[in-house]
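Each chain, letter by letter, is given below.
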Amino acid sequence: MDKNEISIILEEIGTLLELKGENPFKVRAYYNGARTVEMLEEDLNQLIKENRLQEVKGVGKALVEKITELVTTGKLAFYDELKESTPPGLLEMLRIPGVGPKKISVLYKDLGIKAVDELEDACLQNRLVSIKGFGEKTQKKILEGIENYKNYKNQFLISTGLNYGTYIYEQLKELPQVQRISLAGSIRRFKEVIKDIDLIVSCEENNIDYIMDYFTNLEGVARVTGRGITKCSITLDVGMNVDMRIVNDEAFPNALQHFTGSKEHNTALRHRGKQMGYKINEYGLFNGEEKVYVGSEEDIYNILKLQYIPPEIRENNGEIEAAELNDIPKLVDLDLIKGVFHVHSNYSDGKNTIEELVKAAIDKGFKYIGISDHSKSAIYAGGLKEQDIVRQHEEINNLRVKYSNITILKGIESDILLDGSLDYDENTLESFDYVIGSIHSSFNIDGDLMTERMLRAIKNKHLKILGHVTGRLLLSRNGYGLDLKKIINACAENKVAIEINSNPHRLDLDWRMCRYAKEQGVRLVIEPDAHKIEGLDHIFYGIGVARKGWLEAIDVLNTSDINEVREFFKG
DNA sequence: GCCGTTTTCGGCCCGACTGTTTTCAGTCG
């Protein structure tokens, strides 16, 4: 059983205990434990063998026992009993907005409700109003919550969130009443999947109502779900919730920091503040009763004797410790990207000609562009047969003469076949400047086999870049179940770069693994996987992933100049 | 359940909003 599975079980134990009305701090201990295990760098088996698991912060005697039982036996009696005694539908009910563990507990005890559908029936039959603590409005709200839950399940790609978030941001920014405004929350932290949009606005007190009115009347607003003095919430037609917080301008940096989160980062930050004698909330930073002047987010971190921490890495994943040591990495940025290698032309399933792509790359200021169409096994995508490759290489030779201010590279996105071999013979593979290896078929084999398949491809001397490694499609398909660490280690050993596929549906390699790859000395490549000119702009999302994964320019191959790139491809 | 140069017991981050209640509990972020 791996860390991820154990983390999920600990998390579920936390939820189950919460439903049972357990001590909230005990519940939190399990949630913390789940996070700790998920983020753990070291191997669990190793830690257990060396009796060092209890040295991990947040893991005490009880969790050591339970994790050990899970690792060694693959089961946990405590968890099984807990699950046995709780109807599974109760867990799902938690996902209805406005319904938490306390309400579920009462509903279960008083009305015997143990699933979402039963709750819906009970609301429709007007049975909730009879319970103490429940009323007309609660029942209505729960019913609406169920509808919302069923319709949308409340998850969106970061690209969707940014589209709508930027639209609202731009509208509000134009208002003279708005002093400062920013997106916050998971979008600002660049989570790959988001649940809602957070906006922070500052203004004079007498303008609050005007701005809230404007906000709730924006085009695309389906309904207003809450409105108070400082907070206003709406749901868009597409089902996405947007929370706007309004503060006075003096508190803007504090509010921005607070609502950017993550919750875990803020908890740790407040804890640090408390030890230093400060209280931190969304309105300010206080030394006793006295408010400490804060002009920017930077000030908050500096007062706490920390280097500024960029929003993307605020996940309580070592950033506070790093900031303490002045050791926050200088994160890679979009303007440092000098070119890309994963681009499809109309030779396979791309829309544009090579020349159009080259011109677009020049316009973007790129110093090089590689063309990498699909290989011959990708029939569905019009993959290139040997004679197509000859034709394509001739065209590139001609374009190289015509466009001397950019380097055009000959690449291929070769299918990694079921046995781990690449799609062409030695001579053909030799004719490319580089080969990207990706899996496009036989997804549904066992994780171990998939790992072996990929390891064999990595050892092929022609393979230079591993494409969309886990094969996941966000919100629709899980990855292949690879042993990612093995894959990354092998890439380090064989000097193979790993792609960060910037397509917002993929964002693969995941940011959580970027740091591990970096530490093993693996180069990452931020790739658009473009199928038309506009697709080149997707690298914006890849940059977000790279930043969230603590990557610096030196970790990213396509920040290098062409000579270094060529050297890397020569191996 | 975890943790400790104040502590091995008694804390554990903090506040807004809502709905149901006449002072507060639950939920959310």
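Sequence order as written defines the numbering, with residues in each chain counted from 1. Whichever chain is written first becomes A and whichever ligand is written first becomes 1, with later ones labelled in order. At least 70 in pLDDT is required for a residue's local features to be given in this predicted model, at least 80 for side-chain atom pairs to be given and counted, and no such filter applies to totals for whole chains, interfaces and linings, which use all residues. The basis for every side-chain value is the complete set of heavy atoms in the structure, and neither hydrogens nor water enter the calculation.

**Looking at the UniProt feature "domain: Helix-hairpin-helix DNA-binding motif class" (unreviewed entry) in chain A**
Moving on, step 1. UniProt positions are given in the numbering used here, feature names are shortened, and annotations may be inferred rather than shown by experiment. Here, the residues flagged by UniProt with the feature "domain: Helix-hairpin-helix DNA-binding motif class" (unreviewed entry) are residues 51-70, 91-110 and 126-145.
Moving on, step 2. Helical segments are the DSSP runs of H or I of at least four residues, strand segments are the runs of E of at least two, and each set is numbered from the N terminus. In residues 51-70, helix accounts for 50% and strand for 0%; the two terminal C-alpha atoms are 15 Å from one another.
Moving on, step 3. Along residues 126-145 one finds 50% helix and 0% strand; the C-alpha atoms at either end are 16 Å apart.

**A short note on the state of the cysteines**
Moving on, step 1. Any two cysteine sulfur atoms within 2.5 Å of one another count as a disulfide. Scanning the entire structure with this criterion turns up zero disulfides.
Moving on, step 2. Not engaged in a disulfide, the cysteine Cys203 finds its nearest cysteine sulfur in Cys232; these two sulfurs lie 12 Å apart.
Moving on, step 3. Residue classification places Cys203 among the buried positions, given a relative accessible area of 3%.
Moving on, step 4. Unpaired in this structure, Cys491 has its nearest cysteine sulfur neighbour in Cys514, at a distance of 13 Å.
Moving on, step 5. Each residue's exposure class comes from its accessible area (1.4 Å probe, protein chains only) as a fraction of the maximum for that residue type: buried when under 20%, exposed when over 50%, partly exposed otherwise. We classify Cys491 as buried; its relative accessible area is 1%.

**Observations concerning the sheet that holds strand β4 (residues 196-202)**
Moving on, step 1. Any two strands with at least two DSSP bridges between them are considered paired. Spatially, β2-β4-β7-β6-β5 is the arrangement adopted by the five strands of the open sheet, whose pairing is mixed. One side of each edge strand has no neighbouring strand; the edge strands of this open sheet are β2 (180-184) and β5 (221-227). Strand after strand, the sheet turns through a mean of 20° between neighbouring axes, direction not considered.
Moving on, step 2. Inspection of the sheet shows β5 paired to strand β6 (residues 231-236) by five bridges, in the antiparallel sense. Each residue of the ladder has a partner; that of Val221, found in β6, is Leu236.
Moving on, step 3. The strands that helix α10 (residues 158-173) touches are β2, β4, β6 and β7 (241-247); relative to β2, the one it contacts most, it runs at about 170°.
Moving on, step 4. Contacting β2, β4 and β7, helix α13 (residues 252-260) runs over the sheet at an angle of about 10° to β2. Geometry is summarised by axes, namely lines fitted to C-alpha atoms with helices restricted to the contacting stretch, and by angles between N-to-C directions that run from 0 to 180 degrees. Contacts are residue-level and defined by heavy atoms, with any inter-residue pair within 4.5 Å sufficient.

**Some remarks on the pattern of salt bridges**
Moving on, step 1. Between Lys or Arg on one side and Asp or Glu on the other, a salt bridge is scored when a side-chain nitrogen of the former is within 4 Å of a carboxyl oxygen of the latter. With the rule as written, the count across this model stands at 30 salt bridges.
Moving on, step 2. Close ionic contact of Glu38 with Arg512 constitutes a salt bridge, the shortest N to O distance being 3.9 Å. Here Glu38, found in helix α2 (residues 24-39), pairs with Arg512, found in helix α22 (residues 511-519); they are 474 residues apart in sequence, far enough to count as distant.
Moving on, step 3. In this structure Arg512 comes out as partly exposed when scored by relative accessible area, which is 30%.
Moving on, step 4. When the shortest N-O distance is used, the salt bridge between Glu118 and Lys114 registers 3.6 Å.
Moving on, step 5. Its relative accessible area of 30% is what places Glu118 among the partly exposed residues.
Moving on, step 6. The structure contains a network of salt bridges with shared partners spanning Glu38, Glu192, Arg472, Asp510 and Arg512.

**With respect to the pairing of strand β9 (residues 284-287)**
Moving on, step 1. With four bridges joining them, strand β8 (residues 278-281) and β9 adopt antiparallel strand pairing. Within β9, the residue paired with Tyr278 across the bridge is Asn287.
Moving on, step 2. Linking β8 to β9, which pair antiparallel, is a turn of two residues.
Moving on, step 3. Here β9 pairs with strand β10 (residues 290-292) via three bridges, running antiparallel. The partner of Leu285 across the bridge, within β10, is Val292.
Moving on, step 4. Between β9 and β10, which follow one another and run antiparallel, lie two residues, and Gly288 among them has a positive phi close to 65°.

**Comments concerning the side chain of Asp510**
Moving on, step 1. With respect to the helices, strands and loops of the structure, Asp510 is situated in the loop between β16 (497-501) and α22.
Moving on, step 2. On the basis of relative accessibility, which here comes to 12%, the residue Asp510 falls in the buried class.
Moving on, step 3. Reaching out from Asp510, the side chain makes a polar contact with the side chain of Arg472 at a distance of 2.7 Å.
Moving on, step 4. Pairs of N or O atoms within 3.5 Å make up the polar contacts considered here, provided that, within protein, one atom can donate a hydrogen while the other can accept it, and that residues adjacent in sequence are counted only when both atoms are side-chain atoms. For Asp510, the side chain forms a polar contact with the main-chain nitrogen of Arg512, separated by 2.7 Å.
Moving on, step 5. Those residues in contact with Asp510, other than ones at most four positions away along the chain, are Glu192, Arg472 and Val545.

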